[in-house]
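# A look at the structure
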Number of protein chains: 2
Amino acid sequence: MYLARVYVTLKPTVNDPQGLTIEGSLKSLGFETVDSVRAGKYMEIRLDAASEAEAKSSVTEMCKKLLANPVIEDFRFELDEG
Amino acid sequence: MYLARVYVTLKPTVNDPQGLTIEGSLKSLGFETVDSVRAGKYMEIRLDAASEAEAKSSVTEMCKKLLANPVIEDFRFELDEG
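Quick caveat, the model's predicted, so the values are computed rather than measured.

We now examine the overall build of chain A. Secondary structure summary: chain A contains 2 helices and 3 strands in total. Listed N to C, the secondary structure of chain A is β-α-β-α-β in terms of helices and strands. In terms of overall size, chain A is more extended than a compact globule, its C-alpha atoms giving a radius of gyration of 16 Å where 82 residues would be expected to give roughly 12 Å. By its C-alpha atoms, chain A is 50 × 30 × 15 Å across when sized along the principal axes. Going through the 82 residues of chain A one by one, you find that 40% of them count as buried. In chain A, the share of contacts with a sequence separation of at least 24, taken over all contacts with a separation of at least 6, comes to 70%. Counting 10 positive and 14 negative side-chain charges, chain A places the centres of these two groups 4 Å from one another.

Here is the structure:
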């Protein structure tokens, strides 16, 4: 069993209204030192695979097909066994 | 300038309909090896701080006050300088 920690973020050039809203809220709460906020998604996926290479290729496929929108988002992930 | 990478996840006992939906979609796409999916949030926050300790205490406060709901969510973060 492998645990994949998947991070999906908007590409740097893509406008991020959710991040801007969080930034505004933090500032209005008194956190004046905040410079910028970018919002993204985080998923923990447990999956069976015969090897780390197989798990890696499965998770890459999942990201490309469902978890991330390749037009506006980047993804990366870490794999741990167990 | 510090970069905080904040991860907000549902507590293990909390029901996660978003994760269940992703799991179902992955399975219907043919990823039969998926065992479970938990969905969470990921944020990258740039902030000014005089020291790493100050940045850490700021980000902890932000998580407690706005970014995470302590009743149902856990948070953790990493801090990098630069």
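What follows concerns the pattern of salt bridges. Within this structure, the stated rule accounts for 8 salt bridges over all chains. Note that Lys65(A) is salt-bridged to Glu61(A), the shortest N-O span being 3.8 Å. Taken together, the positions of Lys65(A) and Glu61(A), both in helix H2 (residues 52–67) and 4 residues apart, correspond to about one turn of that helix. Using a relative accessible area of 51% as the deciding quantity, one classes Lys65(A) as exposed. Judged by its relative accessible area of 34%, Glu61(A) falls in the partly exposed class. The residue Lys27(B) makes a salt bridge to Glu23(B) at a minimum N-O spacing of 3.1 Å. You can see Lys27(B) and its partner Glu23(B) sitting in helix H1 (residues 17–28), 4 residues apart, about one turn around the helix. For Lys27(B), a relative accessible area of 29% translates into the label partly exposed.

Between the two copies, chain B and chain A, the superposition gives an RMSD of 0.0 Å; the rotation angle is 180° and the shift along the axis is 0.0 Å. Here the copies are linked by what is in effect a two-fold axis. Residues of chain B ranked by C-alpha distance from the rotation axis are headed by Lys41(B), positioned 2.4 Å from it. When the interface residues of chain B are mapped onto chain A, 100% of them again fall at the interface, so both copies present the same face.

Contacts between chain B and chain A engage 32 residues on the former and 32 residues on the latter. Together, Phe31(B), Thr33(B) and Tyr42(B) form the three largest contributors to the area buried by chain B at its contact with chain A, with a combined 20%. Contributing elements (two or more residues each) for the side of chain B that touches chain A: strand S1 (2–10), H1, strand S2 (34–47) and helix H2 (52–67) of chain B. Partitioning the side of chain B that touches chain A into residue classes produces 16 nonpolar, 6 polar and 10 charged.

Right, let's get into the packing of H2(A) against H1(B). Close contact between H2(A) and H1(B) brings their axes to 11 Å; oriented N to C, the two are set at 105°. In this view, H2(A) runs roughly perpendicular relative to H1(B), as classed from their interaxial angle. In contact with Met62(A), Leu66(A) and Leu67(A) of H2(A), H1(B) contributes Ile22(B), Ser25(B) and Leu26(B). Counted by class, the contact of H2(A) with H1(B) contains 5 nonpolar, 1 polar and no charged residues.

Let's shift gears to the environment of Glu73(A). Here Glu73(A) is to be found in strand S3 (residues 73–81). Each residue touching Glu73(A), except ones within four places of it in the same chain, is listed here: Val8(A), Thr9(A), Leu10(A), Lys11(A), Lys41(A), Leu67(A) and Ala68(A).

Calculation rules
- Residues numbered from 1 in each chain as written.
- Chains lettered and ligands numbered in written order.
- Predicted model: local features only at pLDDT ≥ 70, side-chain atom pairs only at ≥ 80, totals over all residues.
- Heavy atoms only, no water.
- Helix = DSSP H or I, 4+ residues; strand = E, 2+ residues; numbered from the N terminus.
- Rg over C-alpha atoms; globule rule 2.2 N^0.38 Å.
- Buried < 20%, exposed > 50% of the residue type's maximum accessible area, 1.4 Å probe, protein only.
- Contact = heavy atoms within 4.5 Å.
- Lys, Arg positive; Asp, Glu negative; His and termini not counted.
- Charge placed at Lys NZ, Arg CZ, Asp CG, Glu CD.
- Salt bridge = Lys/Arg side-chain N within 4 Å of Asp/Glu carboxyl O.
- Least-squares fit on C-alpha atoms with pLDDT ≥ 70 in both.
- Buried area = accessible area lost by both parts, 1.4 Å probe.
- Nonpolar A, V, L, I, M, F, W, Y, C, P; charged D, E, K, R; others polar.
- Axes fitted to C-alpha atoms, helices over the stretch in contact; angles between N-to-C directions.
- Parallel < 35°, antiparallel > 145°, perpendicular 65-115°, else oblique.

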